[in-house]
Amino acid sequence: MRTAAVVGGTGFVGRAVVDALRARGWEVRALSRRTGFDILRPDAEALRGCAAVVNLAGIKREEGAQTFHAVHVEAVERLVTAMKAVDVRRLVHVSVVAAKEKPEWPYHHTKWLGERAVRGSGLEWTVLRPGVIYGAGDDLLSHLALMLRFSSIFPIAGAGTAPMMPVDVKDVATAAAAALEAAPGKSFDVVGPERLTLREVVGRVAEAVGRRAWIVPTPVALMRLPVLAMEKLFRTPLSTRAQLNMLVEGLVGDPEPARRELGVEPAAFTPERIRGFLPAPPAKTPALPFLALLGAAFVLLGAGFARGGDVWTSLFVAGLLLGAGSLAFPAARRFRLTPFRVAAGVAIGLVQFAVTKVAVAGIAAAWPGWTSMAGALYLWKGPHPLWYLLSTLPLIVLSEELLWRGVVTRFVAERAGRWAGIAGGALLFAAAHVVAGNPLLVAAALVAGGFWSWLAEAFDDLTVPLAAHLVWDALLLFAWPVA
């Protein structure tokens, strides 16, 4: 059996290429950092016995020793040397359709230099130049879907007229597998069958997600700073400077040579196909268990508020019981604890607190009696030591997010739609606070609860509203009280 080494074979594109090669009868060695293969210093022994190599290694941002030049140029040259050392002559190198001689854009330029190194290698080479790649678990669809769920207002790079030809990852994999059996010494664009604008790409993803997108043209200069911040701060940023440049310039090519010589029939980028790559909606929350949990919430919280004694501890105990009950519902277990989501939640909580402090000035002018109501809420801390308050607050906040955003908001949204779920979750959250007899608390629960419900539905995750809620509560209660 022929053996092919796939460098970068455990990544998004790599897994598809491995499957395509195996379907054609190849034995595959998937090489990556996960398997102990260092692309910057490729080990020739890992290639011994192979008939061919498919090189998928590439990065969208620089990090430490993994610079564009190191990965896209030096690593390619070393891979060629390693292949020659063990007499492997066939190489399929996957670049990008945007590769060009442009030193001011390091990503594009180093991709072009890498292609040049392959063409001058003396090996039997084929270069594939895909456009923007999509599929289940990709960056394109997952990031666009996340942004569209977060807000209907979608800032787009420039006027959004940059041309795009999105290509299915399976078509790229088909091209890579077919290229190993085709005549060497050629380059092929691997792109979708239709030339679209960036606006149209966003519009089709929005239709697939079921969201309306209000596309707002945004000067590229205004987008560079937030993109740079995301690139530096997050492990998986929504965008990088290299990706922004490609969105500005476009990613297009000619699909005909790959269709004619490699047998690639690129699939159309349609809302129906896109929908198939998005996660399937979960099963609906059952009604009877939900009503039982909601009834228990009103009883336990009512008893805690009405007790008139140690309200803090009563809410803590009620929260433990309700939080545990909420975890029986899959909708309450929507936690994707990533640095990006935690950082986003913290940042949002800080902004929410700043808005609250500004709003306090207006409330004080229009409602002189509000300070006594606000002060009553601080009495809940009672005589408890600070360590007790700080250790129990996260558990109280967690239980509220599990119940009201995880279960209640989602239950209503499943049956009446997203915005009804956000409104219904906020109203029920506020209604549960009515028995406390404090209109300020009810108003705060309604407004803040609606905001956290929106965050939960926008991110389809409880990490962000939990972090925002905890930051807001902690600042109001301990750092800068409003009364």
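Keep in mind it's a predicted model, so treat the numbers as computed, not measured. Here the residue index of a chain counts from 1 through its sequence in written order. Local features in this predicted model are restricted to residues of pLDDT 70 or higher, and side-chain atom pairs are both shown and tallied only at a pLDDT of 80 or more, whereas totals for entire chains, interfaces and linings draw on every residue. Excluded from the side-chain calculation are hydrogens and water; included are all heavy atoms of the structure.

Colleague: Go over the sheet that holds strand E2 (residues 27-31), please, and point to the residues and values.
Modeller: Here, a strand pair is defined by DSSP locating no fewer than two bridges between the strands. Put simply, DSSP H or I for four residues or longer makes a helix, DSSP E for two residues or longer makes a strand, and each gets a number counted from the N terminus. As summarised here, the arrangement of the 6 strands in space is E2-E1-E3-E4-E5-E10, forming an open sheet in which the pairing is parallel. The sheet is open, and its two edges are formed by E2 and strand E10 (186-190), each paired on a single side. Looking at each pair of strands side by side, their axes are set apart by 20 degrees on average, direction ignored. For strand E4 (residues 90-94) and strand E5 (residues 124-130), the ladder comprises 5 bridges, and the chain directions are parallel. Bridge pairing in E5 links Val-94 to Leu-128. The angle between two axes is taken between their N-to-C directions and runs from 0 to 180 degrees, where each axis is a line fitted to C-alpha atoms and a helix contributes only its stretch in contact.

Colleague: Hey, could you go over helix H16 (residues 418-431) for me, with residue numbers and the actual values?
Modeller: Helix span, expected: 1.5 Å multiplied by one less than the number of residues in the helix. Here H16 spans 20 Å end to end across 14 residues, near enough to the 20 Å set by a 1.5 Å rise per residue. Classification of residues uses two cut-offs on accessible area relative to the type maximum, computed with a 1.4 Å probe and protein chains only: under 20% is buried, over 50% is exposed, and between them is partly exposed. Inspection of H16 places Arg-418, Gly-421, Ile-422, Gly-424, Gly-425, Ala-426, Phe-429 and Ala-430 among the buried residues, and these make up the whole buried set. Residues count as neighbours in contact if any of their non-hydrogen atoms are within 4.5 Å of one another. Where H16 is buried, its residues touch helix H4 (139-150), helix H15 (386-416) and helix H17 (439-459).

Colleague: Kindly report on the packing of H15 against H17, identifying the contributing residues and their values.
Modeller: Two elements in contact, H15 and H17, have axes whose closest approach is 10 Å; the angle formed by their N-to-C orientations is 70 degrees. Here H15 lies roughly perpendicular to H17, going by the angle between them. Facing H15, whose interface residues are Glu-401, Arg-405, Thr-409, Arg-410 and Ala-413, H17 presents Gly-449, Trp-452, Ser-453, Ala-456 and Glu-457. Put simply, Ala, Val, Leu, Ile, Met, Phe, Trp, Tyr, Cys and Pro go in the nonpolar bin, Asp, Glu, Lys and Arg in the charged bin, and everything else, Gly too, in the polar bin. Looking at side-chain class alone, the contact of H15 with H17 contains 3 nonpolar, 3 polar and 4 charged residues. Our angle categories are set so that under 35 degrees counts as roughly parallel, over 145 as roughly antiparallel, 65 to 115 as roughly perpendicular, and the remainder as oblique.

Colleague: Before we move on, could you go through helix H3 (residues 106-119) and cite the residues and values that matter?
Modeller: Compared with an ideal rise of 1.5 Å per residue, which puts 14 residues at 20 Å, H3 spans 20 Å between its outermost C-alpha atoms and is within 8% of the ideal. Within H3, 10 of the 14 residues are buried, which leaves the element mostly enclosed by the surrounding structure. When H3 is considered as a whole, its buried residues turn out to be Tyr-107, His-108, His-109, Thr-110, Lys-111, Leu-113, Gly-114, Glu-115, Ala-117 and Val-118. Contacts from the buried residues of H3 go to helix H2 (68-85), E4, E5 and helix H8 (241-249).

Colleague: Tell me about the nonpolar core, and name the residues and values.
Modeller: By nonpolar core we mean a set of buried residues, namely Ala, Val, Leu, Ile, Met, Phe, Trp, Tyr and Cys, connected to one another through side-chain atoms within 4.5 Å. Of all hydrophobic cores here, the largest spans 123 residues; its most connected members are Leu-47, Val-53, Leu-141, Phe-269 and Trp-404. Here the element with the most residues in this core is H15; it accounts for 12 residues. Contact partners of Val-53, with chain neighbours within four places excluded, come to Ala-5, Val-7, Leu-47, Leu-79, Met-83, Val-88, Arg-90, Leu-91 and Val-92. Core analysis: the next-biggest nonpolar cluster, separate from the first, contains 32 residues, Val-6, Val-17, Leu-128 and Ala-179 among them.

Colleague: Please give an account of the pattern of salt bridges that cites residues and values.
Modeller: Think of it this way: side chains of opposite charge can pair up when their charged atoms draw near. Throughout this description, the term salt bridge denotes a Lys or Arg side-chain nitrogen within 4 Å of a carboxyl oxygen of Asp or Glu. As enumerated under the stated definition, the model contains 21 salt bridges in all. The residue Glu-231 makes a salt bridge to Arg-241 at a minimum N-O spacing of 2.9 Å. Of the two residues, Glu-231 is situated in helix H7 (residues 220-233) and Arg-241 in helix H8; the sequence distance between them amounts to 10 residues. Here the residues in one salt-bridge network are Glu-115, Arg-119, Arg-129 and Asp-189, joined through shared partners.

Colleague: A description of the packing of aromatic side chains should follow, citing residues and the corresponding values.
Modeller: Whether two aromatic rings pair depends on their centres lying within 6.5 Å, for rings of Phe, Tyr and Trp, where Trp uses its six-membered ring; planes under 30 degrees apart make the pair stacked, over 60 edge-to-face, and the rest tilted. Throughout the structure, instances matching the rule amount to 11 aromatic pairs. With 5.6 Å between their ring centres and 75 degrees between their planes, Phe-68 and Tyr-107 make a pair best called edge-to-face. With Phe-68 in helix H2 and Tyr-107 in helix H3, the pair connects residues that are 39 residues apart, well separated along the chain. There is no split in this pair, since Phe-68 and Tyr-107 are both buried. Here the aromatic rings of Phe-305 and Trp-380 are separated by 5.5 Å at their centres, their planes lie at 35 degrees, and the arrangement is tilted.

Colleague: Go over the side chain of Thr-392 with me, naming the residues and quoting the values.
Modeller: Following the sequence through the fold, Thr-392 ends up in helix H15. Judged by relative accessible area, Thr-392 falls into the buried class, the value being 4%. The contact partners of Thr-392, leaving out residues within four places of it in the chain, are Trp-312 and Phe-316.

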